[in-house]
Amino acid sequence: MLMMPLPVPQSAYQSRVSLNEVSKSYGGRRALREFSLDVAAGEFLAVLGPSGSGKTTALRLIAGLETPDEGQVFIEGRDVTCVPAEQRDVNTVFQSYALFPHLNVLDNVAYGPRMRGLSRKARHARAYDLLELVRLSDAAMRRPHELSGGMQQRVALARALANAPAVLLLDEPLGALDRKLRCEMQRELRRVHSELAGTFIYVTHDQEEAFAMADRLAVMREGRIEQVGSPAEIYDRPANAWVARFVGGANMLRAHVDRIGRSAMLTSRPGLIEAGYFDEDLMSGDTALVVIRPEATRIERSGPTALTRTNRLAARLLHVVTAGPSRRLSAVTADGSVFDSIEARKPGMSPSHGLAPGNPVFITFDAGSVRAYRDDWFA
Ligand code: ADP
Ligand code: MG
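What you are looking at is a predicted structure, and each value in this text was computed from that prediction instead of being measured. (Residues numbered from 1 in each chain as written. Chains lettered and ligands numbered in written order. Predicted model: local features only at pLDDT ≥ 70, side-chain atom pairs only at ≥ 80, totals over all residues. Heavy atoms only, no water.)

1. Some details on empty space enclosed by the protein
Counted only if it meets this: Any residue with an atom within 4 Å of a point lines the site, the site being either a cavity, points on a 1 Å grid over the protein atoms alone where a 1.4 Å probe fits but cannot get out, or a pocket, an open set with protein on both sides within 12 Å along at least 5 of 7 lines. Grid points are joined across faces, edges and corners, and a volume is the space filled by probe spheres set on the points. The helix count covers DSSP runs of H or I at least four residues long, the strand count covers runs of E at least two residues long, and both are numbered beginning at the N terminus. Polarity classes work like this: nonpolar for Ala, Val, Leu, Ile, Met, Phe, Trp, Tyr, Cys and Pro, charged for Asp, Glu, Lys and Arg, and polar for all others, with Gly in that last group.
Counted by the stated rule, this structure contains two cavities of 30 Å³ or more. The space that makes up the largest cavity amounts to roughly 40 Å³. Lining the largest cavity, in full, are T56, L59, R60, A63, L65, T92, F94, L169 and D171. Residue assignment for the lining of the largest cavity shows that the elements contributing at least two residues are α1 (55-63) and β7 (167-171). No other element matches the four residues that α1 contributes to the lining of the largest cavity. The residue makeup of the lining of the largest cavity, split by class, is five nonpolar, two polar and two charged. The calculated volume of the second largest cavity comes to roughly 30 Å³. Lining the second largest cavity are L19, F35, L37, V47, K55, A58, L59, I62, I201 and V203. Among the secondary structure elements, those contributing two or more residues to the lining of the second largest cavity are β2 (29-39), α1 and β8 (200-204). The biggest single contributor to the lining of the second largest cavity is α1, with four residues.

2. Comments concerning unusual backbone geometry
Spelled out, the test is: The rule is simple: take the accessible area with a 1.4 Å probe, protein chains only, and divide by the maximum for that residue type; under 20% is buried, over 50% is exposed, in between is partly exposed.
Its identity is not glycine, yet E76 carries a phi of approximately 50°, on the positive side. Take E76: it is sitting in the loop between β4 (70-75) and β5 (78-79). Residue classification places E76 among the partly exposed residues on the basis of a relative accessible area of 38%. The residue A197 is not glycine, and still its phi comes out positive at about 50°. As for its position among the elements, A197 is in the loop between α6 (179-196) and β8. In this structure A197 comes out as partly exposed when scored by relative accessible area, which is 35%.

3. What about the environment of K346?
Along the chain, K346 turns up in the loop between β19 (338-344) and β20 (360-364). Taking the C-alpha atoms as reference points, K346 and P325, separated by 21 residues in sequence, lie 8.4 Å from one another.

4. Let's talk about the sheet that holds strand β14 (residues 277-278)
Our working rule: Paired strands are those between which DSSP finds at least two bridges.
Strands sit in the order β13-β12-β11-β15-β21-β14 across an open sheet of six strands; the sheet is mixed. In this open sheet, the two edge strands, each paired with only one partner strand, are β13 (271-275) and β14. Where strand β11 (residues 251-260) meets strand β15 (residues 287-292), six bridges bridge the pair, whose relative direction is antiparallel. Residue pairing for β15: M252 is matched across the bridge by V291.

5. Concerning the nonpolar core
We count it as follows: Among buried residues, those of type Ala, Val, Leu, Ile, Met, Phe, Trp, Tyr and Cys that are joined through side-chain atoms within 4.5 Å constitute a nonpolar core. Domain borders in the structure are assigned automatically or taken from a domain database. Contact definition: two residues touch when any of their heavy atoms are within 4.5 Å.
By size, the foremost hydrophobic cluster in this structure holds 49 residues, and its most contacted members are L131, L157 and L161. For this core, the element with the most residues is helix α5 (residues 149-161), which contributes six residues. In this structure, this core is formed jointly by two domains, domain 1 (10-236) and domain 2 (241-374), each of which donates at least three residues. The residues contacting L157, other than those within four sequence positions of it, are V93, V134, L168, L170, L189 and V192.

6. Examining the UniProt feature "domain: ABC transporter" (unreviewed entry) in the protein
Selection rule: UniProt positions are given in the numbering used here, feature names are shortened, and annotations may be inferred rather than shown by experiment.
Under the present numbering, the feature "domain: ABC transporter" (unreviewed entry) in UniProt falls on residues 17-247. Structurally, residues 17-247 comprises 36% helix and 26% strand, and the distance from its first C-alpha atom to its last is 25 Å.

7. Describing the packing of α5 against α6
Applied cut-off: To get an axis, fit a line to the C-alpha atoms, keeping to the stretch in contact for a helix; angles then go from 0 to 180 degrees between the N-to-C directions. For classification purposes, angles smaller than 35 degrees are called roughly parallel, those larger than 145 roughly antiparallel, those between 65 and 115 roughly perpendicular, and all remaining angles oblique. In this scheme the crossing of two helices becomes right-handed for a clockwise turn of the near helix relative to the far one and left-handed for an anticlockwise turn of less than a right angle.
Following both chains from N to C, one finds α5 and α6 inclined at 20°, their axes separated by 11 Å at the closest point. The angle between α5 and α6 places the two elements in the roughly parallel class. Crossing geometry of α5 relative to α6 is assigned as right-handed. Seen from α5, the contacting residues are G150, Q153, R154, L157 and L161; seen from α6, they are L181, M185, E188, L189, V192 and L196.

8. With respect to the site of ligand 1
Rule in force here: By convention in this text, a residue qualifies as near a molecule or strand provided that one of its non-hydrogen atoms is within 4 Å of it. Polar contact criterion, stated in full: a pair of N or O atoms within 3.5 Å, where within protein one must be able to donate a hydrogen and the other to accept it, and residues adjacent in sequence count only if both atoms are side-chain atoms. Shrake-Rupley sampling with a 1.4 Å probe provides the accessible areas, and residues are treated as covered by the protein chains on show and by no other component.
Neighbouring ligand 1 are Y26, R29, A31, P50, S51, G52, S53, G54, K55, T56 and T57. One of the backbone N or O atoms of G52 is found 2.7 Å from an oxygen atom in ligand 1. Between ligand 1 and the protein, one listed contact pairs an oxygen atom with a side-chain N or O atom of K55 at 2.8 Å. Its free accessible area being 560 Å², ligand 1 has 61% of it covered by the protein chains. Counting residues per element, the ones that place at least two in the shell around ligand 1 are β2 and α1.

9. Digging into the layout of surface pockets
Here the idea is plain: a probe the size of a water molecule rolls over the atoms and shows the empty space left. Here the largest pocket is characterised by a volume of approximately 600 Å³. Lining the largest pocket are 24 residues, with V90, N91, T92, F94 and A160 sitting closest to its centre. For the lining of the largest pocket, the secondary structure elements donating two or more residues are β6 (90-93), α3 (111-115) and α5. If one sorts the elements of the lining of the largest pocket by residue count, β6 sits on top with four residues. Taken together, the residues of the lining of the largest pocket sort by class into 15 nonpolar, five polar and four charged. The computed volume of the second largest pocket comes to approximately 200 Å³. Taken together, 14 residues make up the lining of the second largest pocket; nearest its centre are Y235, D236, R293, S369 and R371.

10. Concerning the domain arrangement of the protein
Where the parts come together, the accessible area they lose is often given as the size of the interface. We apply this condition: Buried area: the accessible area, evaluated with a 1.4 Å probe, that two parts lose upon being put together, summed over both parts. Salt bridges are defined as contacts in which a side-chain nitrogen from Lys or Arg sits within 4 Å of a carboxyl oxygen from Asp or Glu.
Split by domain assignment, the protein resolves into domain 1 (10-236) and domain 2 (241-374). Placing a centre on the C-alpha atoms of domain 1 and another on those of domain 2 gives a separation of 40 Å. Across the contact, 14 residues belong to domain 1 and eight residues belong to domain 2. Surface buried jointly by domain 1 and domain 2 totals about 930 Å² across both partners, of which 65% is contributed by carbon and sulfur atoms. Contact with domain 2 buries surface across domain 1, with Q207, R221 and Y235 losing the most and accounting together for 49% of the total. Seen at the junction of domain 1 and domain 2, the total is zero salt bridges. Across the contact surface, domain 1 and domain 2 share five residue pairs in polar contact (both at pLDDT 80 or more). Among the secondary structure elements, those contributing two or more residues to the side of domain 1 that touches domain 2 are α7 (207-213), β9 (216-221), β10 (224-229) and α8 (231-236).

So, in structure tokens, the structure goes:
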């Protein structure tokens, strides 16, 4: 915990947040639909979803900048649905730093405490503490325009923390930074989070960023939550085909369900498929979406007499790309389904593995890495 020269409230940084069946429309367009989410005290939760899925709206409801049409918002167990933003003890970091250009870094950070009537000495002491937390004490006397984008975003972070908010909200805060700086800032934010043991709710459309940073993810689509879970749960056991595709590469195929037993047996145009995992309510006769991760997919040279069988699809190689530590192959089946495979490169491995585009290959995978979902993509 950060040592503050001044007492900060018990709830500082570390409150629980809940949204209970919250709906919000703008002129007939529903931005959030019966949206529920529980964020634990001290948790780093990322809300991940495509642009327009309602992420910012959810944050604005927590901050008190919007009132829901239905449902409630709780902070530390208290119903704050009708409490105005100024009384919510929540702060937000945005993509635009919006620092005061005429104030130096110290006074930018001390601004919130000043508005709350802290003495000059007390607010400067707190601002110095926070600048130390974000490793910018040396820049205290500089003006924002003298700092790089990454430094300005760290000042914005320190400023948002200066009033010791119960919860910190971050709305795509790294969106304006270039890739290298973004990675650096991701690490910084994780460090600051663990030093404060604070509740951070972090909104992003960037799945890599969400996976790199968060303890838990809430995946959003069209105003709803599709899945909440740890990064590993969401990647390994996506709740549906949409989530599977949104979070990382996925080979996908439509197939007819022939039989359901311990595994699901399916017929697709390129061949027979056995899926070790399937939706509980999937029945024989249904159409399913079959999902296989590229790292669980192998693309291999086929022998002259080899036959297609279950989980082994005849195809032609499209291309091989060597990308640093991994090798990616793509192949297309006779009906036009494209599969990608990713494998780690072993030392001494020839880049193409003796394969050339157009060569006959097999696409193979184990039943244990195949998931079959109900085909409700367009539902
Ligand atoms: P995200 O942050 O995930 O990109 P938003 O929460 O900003 O999504 O927006 C969700 C939906 O609500 C979008 O369709 C957007 O156009 C709409 N919306 C958001 N804010 C307003 C507003 N103030 N007025 C009208 N429509 C809005
Ligand atoms: Mg947004």
